[in-house]
Amino acid sequence: MASELEPEVQAIDRSLLECSAEEIAGKWLQATDLTREVYQHLAHYVPKIYCRGPNPFPQKEDMLAQHVLLGPMEWYLCGEDPAFGFPKLEQANKPSHLCGRVFKVGEPTYSCRDCAVDPTCVLCMECFLGSIHRDHRYRMTTSGGGGFCDCGDTEAWKEGPYCQKHELNTSEIEEEEDPLVHLSEDVIARTYNIFAIMFRYAVEILTWEKESELPADLEIIEKRDTYYCMLFNDEVHTYEQVIYTLQKAVNCTQKEAIGFATTVDRDGRRSVRYGDFQYCEQAKSVIVRNTSRQTKPLKVQVMHSSIVAHQNFGLKLLSWLGSIIGYSDGLRRILCQVGLQEGPDGENSSLVDRLMLNDSKLWKGARSVYHQLFMSSLLMDLKYKKLFAVRFAKNYERLQSDYVTDDHDREFSIADLSVQIFTVPSLARMLITEENLMTIIIKTFMDHLRHRDAQGRFQFERYTALQAFKFRRVQSLILDLKYVLISKPTEWSDDLREKFLEGFDAFLELLKCMQGMDPITRQVGQHIEMEPEWEAAFTLQMKLTHVISMMQDWCALDEKVLIEAYKKCLAVLMQCHGGFTDGEQPITLSICGHSVETIRYCVSQEKVSIHLPVSRLLAGLHVLLSKSEVAYKFPELLPLSELSPPMLIEHPLRCLVLCAQVHAGMWRRNGFSLVNQIYYYHNVKCRREMFDKDIIMLQTGVSMMDPNHFLMIMLSRFELYQIFSTPDYGKRFSSEITHKDVVQQNNTLIEEMLYLIIMLVGERFSPGVGQVNATDEIKREIIHQLSIKPMAHSELVKSLPEDENKETGMESVIEAVAHFKKPGLTGRGMYELKPECAKEFNLYFYHFSRAEQSKAEEAQRKLKRQNREDTALPPPVLPPFCPLFASLVNILQSDVMLCIMRTVLQWAVEHNGYAWSESMLQRVLHLIGMALQEEKQHLDNVTEEHVVTFTFTQKISKPGEAPNNSPSILAMLETLQSAPYLDVHKDMIRWIIKTFNAIKKIRESSSTSPVAETEGTIMEESSRDKDKAERKRKAEIARLRREKIMAQMSEMQRHFIDENKELFQQTLELDASTSAVLNNSPMVSDTALTALGPAQTQVPEQRQFVTCILCQEEQEVKVESKAMVLAAFVQRSTVLSKNRSKFIQDPEKYDPLFMHPDLSCGTHTGSCGHIMHAHCWQS
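Residues numbered from 1 in each chain as written. Predicted model: local features only at pLDDT ≥ 70, side-chain atom pairs only at ≥ 80, totals over all residues. Heavy atoms only, no water.

Participant: Is there a simple way to think about the overall build of the protein in this case?
Facilitator: Across its full length, the protein carries 47 helices and 13 strands. Split into buried and exposed, the 1179 residues of the protein put 50% on the buried side. Here the contacts in the protein between residues at least 6 apart in sequence split such that 76% fall between residues at least 24 apart. Surface exposure of the protein reaches about 58300 Å², of which carbon and sulfur atoms provide 52%. (Helix = DSSP H or I, 4+ residues; strand = E, 2+ residues; numbered from the N terminus. Buried < 20%, exposed > 50% of the residue type's maximum accessible area, 1.4 Å probe, protein only. Contact = heavy atoms within 4.5 Å. Areas by Shrake-Rupley, 256 points an atom, 1.4 Å probe, with all protein chains shown as cover.)

In structure tokens, the structure reads:
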């Protein structure tokens, strides 16, 4: 090695090698002005070591820097040879219980899904393997670089914060112990001196902006006239552009240009030319000219070689400081003090502040080095981590603005350190209360989105490329807000309440700017010319989804906060839509003697928006009032009397009508942008804070208003009011208008409206709406996903919503609802729904897409046919509503609802005269089933002092009122049961009539539970008598018909027996003896079993189901089923041979089924046993 270095060493100035680190350190110890001495030393030697030619020699430079520059500092710091001094410091130091290992790019990291406080808490491989978390559910990822291991941080883990290695260091932890007690006063003083000088020097030189002159302290007289043309990295230009430009600018080969470009991308800058000023300036002008045509030009600077030398040493110095503080926590504490000590200029004058605020001006390599130093110093010292967090929060707005205007990726920005600070629960709470962090983050975010419309809503319509780029960068602020909220408080102080609610106000301002953004109007006549911008608004909604959920989670933890948040949210909603009747004409609607005043509004003609975050947040908070029972404890504190149900339901209802009209094909001319919006509105990523909350808001409105009024408003918004309010309108409509599209649209709208009513009554699995918990909700999601088909784990997880910790909650409930079927030879293991869970299947589950609903219906009917059951899919028994939503069920027995049911059934009975659809009828049957289930539950749970006010069975027994005098709903159902064109629905109608009769029996038998008397009881009884007589007449006709058929069959049997007397005599004897045996011994013991003869024991027929390994379809083995085959291998066998010497002459003609008497060889058939369909095997 020495001989290799010889020529290089000879080329270096002899004076460099003759320097003695010990002598220099001794000189510094005697100096009266240490700063001046050190700066003179650096000014003299740094330019002699670094940047002495066009190409750097890192090994040589590092060796000389250690010998001439860093060596004296180490001697000075230790007061002796550092080879002995540093081990002594290490020995005296108490090892840290924090790991703090900084991850490199691509290094594996581990997070425990059971114990991590949030997904950002990670362990390095060594700590993970030595921790309890290796036996838990964990997530493994690769690091993007920059984070560090959280082992030893008690705030990051619910349990097991230490691995075996770091647990040894926790035995005598004294949190407040000052690490400086392990250092002598001399060492402290010397360390403080040298750290203060070197850290200041590094910061000063790295943030130096002049290109040709050094700071006065570092200037020297004999300065060389050499410069570098320094090329800087950006994220705008491609590799190809940079390579091409360099080849032209500095006349290098393509290989050299690739080398330059790679170094620029990795380190952030690289010198591409060395020489005098003019020579370098020439290259700079070519580069700028070539890269400024389409975008901003590449950043190039002509820098004096001595400035580049000092900057290179400045980086080396920061790395050296990072390694030195690793010897002792005391040294780390001193560096933190030096870094955060305010300078003479007051605010933001500390070294740490100066580096942070100049972050966007530094190149990539410099940023990485000082970020790593901050992580190994400030973030590893608990006392100074808190002080650094305060400085970071105070400068937050400036740092984020710098990041937004900068073009480097977030991992190279100081703003990325927010994840290390905001995810620490104690720091996050402290910053919220002391620095009002929540409000700062939200206001900073809103300041960057200044593009608004006349109503003050965000407008993304005509975003330029620069605005779109800026918007992408601004989204990282939402991530910071998520970090702050991710750990929920267990105790609330008054300060925390006050600042959280202040932040909540700011958040409502943000949502207010989103309420009603991107409004759309239906295109009539011609197709839309340009697809409008919709993605930005949905991106914002997606990013905010978890934040909105977490805001609600925080509110749920404190009753005072929840009440105040509810009031604030309601006030903002009233500001947004207080004037929702402006310019819209008031009208009065009347059906069945009920009237309601509303406004004339057509979704198909006016503006409508899918973005309603304020309404949806209020719906979430209303559910929390119900869930936490605050609504019943403190009704006087809540503005429930101020609520206007029509105002609450108006906009969510418009949104749902929009979806219905899109499905009906009324908005085709609005292009794909609207289709995509509707898709994401229902999509698993957005639905929790969009579609689900709209349903809850409608449920809230219905529970507070007359259901008849709600249904009339709903009919009006669906533009169906005329059809149901005018007698025989449907018949006139179908005869007058022959336009198929209009008929089809109206049918679809009626179907969608009925579906919405089913959802409003049936969707009560959100805790707070129904009396359920979170596990019931996730169970139901899984049951309905597995009702479509068996699913693999990954497929099932994708279909479930994730929380802010990327958890679905599936693992905790999956075993209760599904069996895991292990994978066969072909493919994946599948979860299959347990048979007992099938009764919870709801055909109109609100998270099914139309395709999924169709598949689920087909799968469930097929299953019922296989089990030889009735194919009806009745509504499941539902949990009771919470008291705040209890009145919702009355919608099912309201007069307008009964009118809608009666009208649709009337259309089905007179099926030729009206435009109707089977889907419409199916939904009405489902609603009738739901009402019957509800009444049955009411009767089952009734107590003596209560009266059952839910009297649906009585109401459907009554015929329609004059002038129509239409038959009762029940009578129409019985008519439809025998209709030949409704075969598919007969089972459902049969189930309804059976349930009706069961309820009737309960009512008749339960004299203890009085039923609320309704008007017109006498009329009901007379109509019931008529219905009874009608049913009796039909039953008599059916009985006579059955008797006639039975008589014909017995006549045919007798005729057959007469012709085959002998045969039947034997059969009768055998049957008699068999039945005697069976009757006498119902439980046959093993010894009494008879296999043959007249006393043969009857064996129950075994049903066998097999699965084809190719198509995975399950099938019962029957003669009439599809043929199933086994793959087999037929070969010659001599295992039992008596004559092994015999040789088969012509094997092709040899018949393997015929065996020669000499038993020379046999045939062996082997099969793997996997069954498949014959047609699958052939194809």
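Participant: I'm lost on the pairing of strand S3 (residues 227-232) in this one. Help?
Facilitator: Within a regular strand, the side chains alternate between the two sheet faces. Within S3, 6 of the 6 residues are buried, which leaves it mostly tucked inside the rest of the structure. Residues of S3 alternate between two faces, with Tyr227, Cys229 and Leu231 on one and Tyr228, Met230 and Phe232 on the opposite face, all of them buried. As defined by bridge partners, S3 adjoins strand S4 (residues 269-275) across 6 bridges and the pair is classed as antiparallel. Bridge pairing in S4 links Tyr228 to Tyr274. Pairing analysis gives 5 bridges linking S3 to strand S5 (residues 300-304), with the strands arranged antiparallel. In the strand pairing of S5, Cys229 is matched with Val302. (Pairing = 2+ DSSP bridges.)

Participant: Mind showing me how you'd approach the packing of helix H36 (residues 774-788) against helix H39 (residues 850-866) here?
Facilitator: The relative placement of two packed helices is expressed as an angle between their axes plus a distance between the axes. Viewed as axis vectors pointing N to C, H36 and H39 meet at an angle of 75°, and their least axial separation amounts to 7 Å. In terms of orientation, H36 and H39 fall into the roughly perpendicular class. Residues Gln785, Ser787 and Ile788 of H36 touch H39, and the partners they reach there are Glu852, Lys855, Ala856, Ala859 and Gln860. Its residues placed into classes, the contact of H36 with H39 shows 3 nonpolar, 3 polar and 2 charged. (Axes fitted to C-alpha atoms, helices over the stretch in contact; angles between N-to-C directions. Parallel < 35°, antiparallel > 145°, perpendicular 65-115°, else oblique. Nonpolar A, V, L, I, M, F, W, Y, C, P; charged D, E, K, R; others polar.)

Participant: How should the packing of helix H32 (residues 707-717) against helix H40 (residues 895-909) be read in this particular structure?
Facilitator: Between H32 and H40, whose axes approach to 7 Å, the crossing angle comes to 50°. Here H32 lies oblique to H40, going by the angle between them. Judged by residue contacts, Asn708, Leu711, Met712 and Leu715 of H32 engage Asp895, Val896, Met897 and Ile900 from H40. Here the contact of H32 with H40 is built from residues that sort into 6 nonpolar, 1 polar and 1 charged.

Participant: Quick question: what am I supposed to make of the pattern of salt bridges here?
Facilitator: Pairing is possible between side chains that carry opposite charge, provided their charged atoms lie close to one another. Enumeration according to the criterion identifies 49 salt bridges in this entry. Salt-bridge contacts for Arg616 lead to Asp694; the nearest nitrogen and oxygen are separated by 2.9 Å. Note that Arg616 is positioned in helix H27 (residues 613-627) and Asp694 in helix H31 (residues 691-703), a separation of 78 residues in sequence. Exposure remark for Arg616: the relative accessible area of 1% places this residue in the buried category. On the basis of relative accessibility, which here comes to 0%, the residue Asp694 falls in the buried class. With its nearest N and O atoms 2.8 Å apart, the salt bridge here joins Glu650 to Arg654. With Glu650 and Arg654 both in helix H29 (residues 645-663), this residue pair falls 4 residues apart, about one helical turn. Look at Glu650 and you get buried, because its relative accessible area is 2%. A residue is classified by how much of its surface remains accessible, and Arg654, at 6% relative accessible area, is buried. (Salt bridge = Lys/Arg side-chain N within 4 Å of Asp/Glu carboxyl O.)

Participant: How should the packing of aromatic side chains be read in this particular structure?
Facilitator: Two descriptors summarise a pair of aromatic rings, namely the distance from one centre to the other and the angle between the planes of the rings. Under the definition given, this model contains 35 aromatic pairs. On the basis of an interplanar angle of 40° and a centroid distance of 5.8 Å, the ring pair of Phe691 and Tyr846 is categorised as tilted. Of the two residues, Phe691 sits in helix H31 while Tyr846 sits in the loop between strand S9 (830-833) and H39, which places them 155 residues apart along the sequence. For the pair formed by Phe691 and Tyr846, the shared burial category is buried. Between Phe724 and Trp907, the ring centres sit 5.7 Å apart and the planes meet at 35°, which makes this aromatic pair tilted. With Phe724 in helix H33 (residues 721-725) and Trp907 in helix H40, this pair connects stretches of sequence that are 183 residues apart. (Phe/Tyr/Trp six-rings, centres within 6.5 Å; stacked < 30°, edge-to-face > 60°.)

Participant: Explanation requested: the confidence of the model for the protein in the structure shown.
Facilitator: Residues with a pLDDT of 70 or more make up 87% of the protein, whose mean pLDDT is 85. The least confident element of the protein, judged by mean pLDDT, is helix H1 (residues 2-11) at 44; the most confident is helix H24 (residues 494-514) at 96. Here residues 1-9 is modelled with pLDDT under 50, and outside its nearest four sequence neighbours on either side it reaches 2 contacts, counting other chains as well. Predicted confidence for residues 1008-1023 stays below pLDDT 50, and this span has 23 contacts to residues more than four positions away or in other chains. (pLDDT = per-residue confidence, 0-100.)

Participant: Looking at this model, I keep getting lost on the environment of Glu606. Mind explaining?
Facilitator: Here Glu606 lies in the loop between strand S7 (594-599) and H27. With 84 residues separating them in the primary sequence, Glu606 and Arg522 have C-alpha atoms 7.6 Å apart. The contacts of Glu606, once residues within four sequence positions are left out, are Ile520, Thr521 and Tyr601.

Participant: In this structure, what is going on with unusual backbone geometry? I would like to understand it.
Facilitator: Residues apart from glycine generally show negative phi values, whereas peptide bonds are mostly found in trans. Positive phi outside glycine occurs at Asn251, with the angle close to 50°. Of note, Asn251 is situated in the loop between helix H10 (239-250) and helix H11 (254-267). The backbone of Cys592 sits at a positive phi, close to 55°, despite the residue not being glycine.

Participant: Where do I start with the sheet that holds S5 in this structure?
Facilitator: Each strand in a sheet pairs with its neighbour through backbone hydrogen bonds, running either in the same direction (parallel) or in the opposite one (antiparallel). Sheet architecture is open: 3 strands sit in the order S4-S3-S5, paired in antiparallel fashion. Where the open sheet ends on each side, the last strands, each with one partner, are S4 and S5. Ignoring which end each strand starts from, the neighbouring axes of this sheet average 30° apart. Sitting on the sheet, helix H13 (residues 305-324) is in contact with S3, S4 and S5, with an inclination near 95° to S5.

Participant: Can you walk me through the environment of Thr154 in this structure?
Facilitator: Note that Thr154 resides in the loop between strand S2 (138-142) and helix H8 (164-167). For Thr154, a relative accessible area of 47% corresponds to the partly exposed category. When the C-alpha atoms of Thr154 and Val117 are compared, they prove to be 9.9 Å apart, with 37 residues separating the residues in sequence. Look past the residues within four positions of Thr154 in its chain and what remains in contact with it is Pro161 and Tyr162.

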